[in-house]
Amino acid sequence: MTNILIILVVFLLLAALVQVIRVNELLSELKNQDLNKVTDKDNKIQATLFFLIAGVAYLALVLWQFKNWGPFLLPPASSVHGAAIDSLMNFTMGLIIFVFFITQPILVWFVYKYRKTKTKSAYYYPHNNNLEKIWTIVPTIVLSAVIFYGMSVWSQITNADTSESTVIEVYAKQFNWIARYSGDDNTLGAANFRLVGGKNTLGVDMEDIKAADDKITREVHLVVDKPVLLRFRSQDVIHSAYLPHFRVQMNCVPGMTTQFAFTPTQTTAQMKQQEGEDFEFILLCNKICGVAHYNMQMKFVVETQEEYDTWLTGKKTLSEKLLTQK
Amino acid sequence: MAIVLNQNKTSKQLLWVGIAGIVMFFAGLTSAVIVRKAEGNWLEFQMPDWFWISTIAIISSSILLHISKRAVKNGTSPLVFLLGALALGVVFTFSQFFGWNQLVSEGVYLTGEGSNPAGSFLYVITLAHLLHLLGGLIAISVTTVNSRRGKYTAENYLGIELTSTYWHFLGVLWLYLFFFFNYL
Amino acid sequence: MSDHHKETFITKYIFCQDHKMIAKQFLITGMLMGVIGMFMSILFRLQLSNPGESFAVLEWFLGDKWAPGGVLDPNMYLSLVTMHGTILVFWVLTAGLTGTFANYLIPLQIGARDMASGFLNMLSYWFFFGATIVMLISLFVESGPASAGWTVYPPLSALPQAISGSGLGQDLWLVGMALFIVSSLLGGLNYIVTILNLRTKGMSMSRLPLTIWALLITAIIGVLTFPVLLACALLLIFDRSFGTSFYLSDIIINGEMLHNTGGSPILFEHLFWFLGHPEVYIILLPALGLVSEVMSVNSRKPIFGYKAMVGAMMAIAFLSCIVWGHHMFVTGMDPFLGSVFTFTTLLIAIPSAVKVFNYLTTLWRGSIRFTPAMLFAIGFVSTFITGGLTGLILGDSALDINVHDTYFVVGHFHIVMGLSAIYGMFAGVYHWFPKMYGRMMNKKLGYLHFWVTFIAAYGVFFPMHFLGLAGLPRRYYTNSAFPMFDNLTDINEVITFFSIIGGLVQLLFIFNFFYSIFKGTKSEQNPWKSNTLEWTAPVERIHGNWPGEIPSVERWAYDYSKPGMDEDFVMQNVPLKEGETEH
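Residues numbered from 1 in each chain as written. Chains lettered and ligands numbered in written order. Predicted model: local features only at pLDDT ≥ 70, side-chain atom pairs only at ≥ 80, totals over all residues.

Draft legend 1. Inspection of the overall build of chain C at higher detail. Tallying secondary structure elements over chain C gives 16 helices and two strands in all. Its C-alpha atoms give chain C a radius of gyration of 24 Å, within 12% of the compact-globule value 25 Å for 583 residues. Dimensions of chain C, computed from C-alpha atoms along their principal axes, come out at roughly 80 × 50 × 50 Å. Going through the 583 residues of chain C one by one, you find that 69% of them count as buried. (Helix = DSSP H or I, 4+ residues; strand = E, 2+ residues; numbered from the N terminus. Rg over C-alpha atoms; globule rule 2.2 N^0.38 Å. Buried ≥ 20, exposed ≤ 12 C-beta atoms within 10 Å, placed from the backbone.)

Draft legend 2. Broad picture of the interface of chain A and chain C. The interface of chain A with chain C comprises 95 residues on the first partner and 108 residues on the second. Looking at the side of chain A that touches chain C, the elements with two or more residues in it are α1 (2-30), α2 (40-69), α3 (80-113), α4 (129-158), β6 (239-243), β7 (248-252) and β9 (281-285) of chain A. Per-element accounting of the side of chain A that touches chain C gives the leading share, 16 residues, to α4 of chain A. Partitioned by chemical class, the residues of the side of chain A that touches chain C number 57 nonpolar, 26 polar and twelve charged. (Contact = placed C-beta atoms within 7 Å. Nonpolar A, V, L, I, M, F, W, Y, C, P; charged D, E, K, R; others polar.)

Draft legend 3. Examining the packing of helix α8 (residues 265-299) of chain C against helix α11 (residues 349-363) of chain C more closely. All names here are of chain C. Close contact between α8 and α11 brings their axes to 9 Å; oriented N to C, the two are set at 15°. In terms of orientation, α8 and α11 fall into the roughly parallel class. α8 and α11 meet at a crossing whose hand is left-handed. Two secondary-structure elements touch here, α8 through Leu288, Met295, Ser296 and Ser299 and α11 through Lys355, Tyr359, Thr362 and Leu363. In terms of residue class, the contact of α8 with α11 is built from four nonpolar, three polar and one charged. (Axes fitted to C-alpha atoms, helices over the stretch in contact; angles between N-to-C directions. Parallel < 35°, antiparallel > 145°, perpendicular 65-115°, else oblique. Left-handed = near helix turned anticlockwise from the far one by under 90°.)

Draft legend 4. Inspection of the pairing of strand β2 (residues 176-181) of chain A at higher detail. Residues and elements named next belong to chain A. As judged from the six bridges shared by strand β1 (residues 166-173) and β2, these two strands associate in the antiparallel manner. When the bridges of β2 are listed, Lys173 appears paired with Asn176. The turn linking β1 back onto β2 is made up of two residues. (Pairing = 2+ DSSP bridges.)

Draft legend 5. Main features of the arrangement of the chains. In this assembly, two pairs of chains are in contact, and the pair with the greatest number of contacts comprises chains A and C. Across all C-alpha pairs, the smallest distance from chain A to chain B is 10 Å, and the two are not in contact.

Now the structure itself:
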């Protein structure tokens, strides 16, 4: 019944619209003018509308959004390289906001000012090589700065020294994360997907002596100001390990290992003070991976060395977990 | 006459632009091989001997097509040469199948347990080439029939020209693929 | 060509080889798909702003299976997102835009009777039509349409066990795409050869209107990159259906250990984005061309810096083929490669900046006539600036780490290529409608359409940048699983509100379009007082475009308000006056 009603309403609306247009057409026919001809009055109205909407309202609302929604953005980075990314971001963002607030007003002003009127006529101006040179060269110079700055931050991130880093594996599968600490030797035991089964959820090769002291956890704890190297694997499809607060992201690809090195600079406790009691560092999945993609998470905790030691020593090593059963 | 010339020119250009597209298709596939090969875990194997026969067949059929073009230009019937080129094209097709058989017997599989992308790439790329070649075979068949009907004259032999251009391209493409897999 | 065949319904409307009819076929199919794709986005926006709430409209359209109790199923959510992307990117903005305007404008603006090969052209449409049917059928299969995202990254798209949409739905998606690629290749061949060969006397390359330049460059990058996508899809089809391991390796899915080893999903990404990025410009360049033309005509000024405009388009097209890696900064690629791709990507900003400044200078001291087409062309410049600027952030590998695949990306590309291209398309439709159908579109409805679209579109896509900077990943069924996103609900509600408004107003456009085809006021031959050749052809649609001789070209297309001329426009077929110099 409702369906029929909806269809009826739609038809009535259509008919009404057609009638309105017909009446409009008849009226203009009576007045002997072409309904669809753009008149000077149209030009005036549209130019003014453009000034008000695309100029004033749009730019004001952009500012309004920065003011009102700015506080929802991620807090400053909680990692060393993250701070570098943040400064690069501020620099680039500043630049684009600057350009935005120059070019948009120019556009709006030209559109408003040079609307067609009875008195003005257009100025024939096909080209000017000097002008064009200026706006090729100036963006080139500005971009060189952006590119150079960006590349230096990028190489700083990707060439990080990992010799002192604690190695932790992050293993992705539909739809959760598992972590493996490399233990006292700071080296992960070899793994092979064919060995996955039973309690050996990560397919660790227990014949590899380095695997014995590895520890599997459902949370990642890190020591503040101590470098860490995350190594990523995936069991099934591509996932992406995304730690927004640390400015860390790396895809987890089945069949290969990827990695990301960083150093946390804020403890969870500090962040709770700053951002509120519910704050947690969170690892999200950021590559579409299946039906529960939106709920694939793991907690990261950054703490002091003592807290960390207490937490980690409480965990069983893989050899205790897997080999004692036999 | 002007219209005919114009049509000749556009048809040829259409073919060449189409060939550019096909080149990109195979460039995509073979660059995939290079990227993949660089990652290791790559099965090394010998190209089947049958593919040498394919190579000889496609080169000689190209030569025959060239001769048939010359023939029609000189006003003689290209029919015999076209039939010869067609036959060699069929030989090429069969030699491909025999080649795949040989690969399977050597333990290089397209799919399944024990298959390696190295082998799968060879199968898929040669298959893709063969599909393009089937188009060429159809074109030669059509030109053969047309030539039997006496459609081509010394002034108007666009069909044969287009067909032989496409066929030469397929030959060059095969040579590229053959050397790519043999020596790279 | 002047010999008229007897036209039956079938030869006139179905198996038609006349470029003008084929253009209309592309346009109307594209519009239909546009409505479907846009409607999908409204359905999933409802879920995003009101997660888990029941909507009658969802149940009505998706049924019990995909929206039990009116709540969108998460599988269906991903399917809608995937199909929305596929339809809008390929069906509307590639085929709908290029297919329409390349077919319509190329012969008319270069002075040709028809395309180089009418038959290939017809074939191109029918392949496209077949692709459309296959894609539409895939919406109704039992396991749901494809749902691995429009980029269909394997293994997710390769394994039916991974997600329900990767079953038959994904197969149909691939078949549909293969047909689509064949269609755009056939179209592309024709466009290139027609432009190179069939220009009328006097139409040198340096006198081509910018629309034609844009379409030529588009066709060239299309012909060079679409085959690579076909190769990429072919390998995926083999992986899905025949058990090869091109993209698959070391996988356990649903507890089942697959035999595949040695494949690389990253290989797929390389092949995909080798097309995928030029595709962005395949979408954008025709819009740039249309906007250049519309803007010049309606500001009654020559387009500023014609040669620079052509050069910039060539530079953009060239660069677009060597930047694909910027979609893959976080795949663990070689850091050096990352730097190279950052470098090439950010270089694109230079020709883009040149284009923007040239547009601004074209407006400067113009005499702007605000037709609906002109409003959309100006809107294009606005969105092109807004969206282009955020590209500086995404193209920078270091910054991309934190915004990759977040809503920031969604906001960026919807503004810079979605909105810009669709504005270009609207500008084109409003501008050339009188030529296509001999009637005018209703001006007032056009104004209303523009303003509501302009406001709603920014209302939808600008706030997305904030979602992204708050760390919200795209393609999330809901963000309620993470407390850190709780305060983003307001933004999501704003976006959904505007998306509904923006969607509804497009129906007004559709109405205006069809109403005007039949009832619109009759148009003059050259209603916009434009210079290009299509306006020298009679209003009536005839085979061969011009009843007599094709006019020959004597000047470039942009002699607007040239000093010393009788009127503020001089058509391209008017010979130079004595003593007059060409621009």
